[in-house]
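One letter stands for each residue in the lines below.
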Amino acid sequence: MKIEIIKCLEDNFSYLLINEKNSDACVVDPGESKPVLKFIDDNKINLKYILNTHHHGDHIGGNNILKNKFNAKILASENDRERIPEIDIFLRDGQIWKDDIFEFKVISVPGHTMGHICFYFFNEKIVFTGDTLFSLGCGRVFEGSHKDMFNSLLKLKSLPPVTKIYFGHEYTLNNSIFCSKFDEYNSKLDRKIIDIKKKLNNGLPTVPTSIKDELDCNIFLRAKNLKEFSKLRDLKDNF
Ligand code: ZN
Ligand code: FE
């Protein structure tokens, strides 16, 4: 399985997962259709599935056009039944979904929205975290409680450390400023920031990161308890 990073809108990441044997593909969170269509046309791939982490417009904006053009099926949380139009396959927490080489486990992560899910491709050890876990940050808590978000992040923290994380937005540089302000003497964070700046200066995305890197460097994952997490989330909301 090959992963293509497709930049959408201002700072969104969409991803195309391609079965290299037959060029079948899934797209994760197409915020808009145009850049995805361009890649599909240039590379002659068959779009079969659209995977949505949550219902926000910048993650589903391309759904309709892509679905109609390729007759692709939309997969999303059953909890987003009323909020994501035209879902074909409803997903439940903990469910394993499989088609050909695409095989993932659904991890429900309420907090940013109540229907938010992550797609964990356990064979490849890759997780798509949408707006729940970013590199050096986490999503704003819009619908759930801080406790919901804290528990959702605990679920992600328990994935194997080698797991690669593909997240929803290029917020990494800004997140790094917050992390270094409140986690001053973390040499692993310092090293990560050097690496991040190198990538950005070369016009490269900071995606993917890994569970290990985030456990070492992401202040929201380093929070020892709900109280500490909650305080950090409040500080970040006003940063
Ligand atoms: Zn969102
Ligand atoms: Fe978003």
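Keep in mind that what you see is a predicted model, and the values were worked out from it rather than measured.

Draft legend 1. Summary view of the packing of helix H5 (residues 172-182) against helix H9 (residues 226-237). Viewed as axis vectors pointing N to C, H5 and H9 meet at an angle of 130°, and their least axial separation amounts to 12 Å. With respect to H9, the element H5 is oriented oblique. Of the two possible hands of crossing, H5 and H9 adopt the one that is right-handed. Listed contacts from H9 to Asn 175, Phe 178 and Phe 182 of H5 are Leu 232, Leu 235 and Lys 236.

Draft legend 2. Representation of the coordination of the iron ion (ligand 2) in the model. Coordination of the iron ion (ligand 2) by the protein is provided by Asp 58 (OD), His 59 (NE2), Asp 131 (OD) and His 169 (NE2), with metal-donor distances spanning 2.1 to 2.3 Å. Considering all 4 donor atoms around the iron ion (ligand 2), the spread of angles at the metal, 84 to 166°, places the coordination shape in the irregular class. As a motif over one chain, the donors of the iron ion (ligand 2) read D-H-x71-D-x37-H. Here the iron ion (ligand 2) and the zinc ion (ligand 1) are spaced 3.3 Å apart, with Asp 131 acting as a shared donor. Linking Asp 131 in the loop between strand S10 (126-130) and strand S11 (133-134) with His 169 in the loop between strand S13 (164-167) and H5, this pair joins segments that are 38 residues apart in sequence. You can call His 169 buried: its relative accessible area is 4%.

Draft legend 3. Up close: the state of the cysteines. Taken as a whole and assessed by the stated rule, the structure comprises 0 disulfides. Not engaged in a disulfide, the cysteine Cys 179 finds its nearest cysteine sulfur in Cys 217; these two sulfurs lie 8.0 Å apart. For Cys 179, a relative accessible area of 0% translates into the label buried. On the basis of relative accessibility, which here comes to 3%, the residue Cys 217 falls in the buried class.

Conventions adopted
Residues numbered from 1 in each chain as written. Chains lettered and ligands numbered in written order. Predicted model: local features only at pLDDT ≥ 70, side-chain atom pairs only at ≥ 80, totals over all residues. Heavy atoms only, no water. Axes fitted to C-alpha atoms, helices over the stretch in contact; angles between N-to-C directions. Helix = DSSP H or I, 4+ residues; strand = E, 2+ residues; numbered from the N terminus. Parallel < 35°, antiparallel > 145°, perpendicular 65-115°, else oblique. Left-handed = near helix turned anticlockwise from the far one by under 90°. Contact = heavy atoms within 4.5 Å. Donors = N, O, S within 2.8 Å, 3.2 Å for Na, K, Ca; no water. Tetrahedral: all angles 85-135°; square planar, octahedral: opposite > 155°, others 65-115°. Buried < 20%, exposed > 50% of the residue type's maximum accessible area, 1.4 Å probe, protein only. Disulfide = S-S within 2.5 Å.

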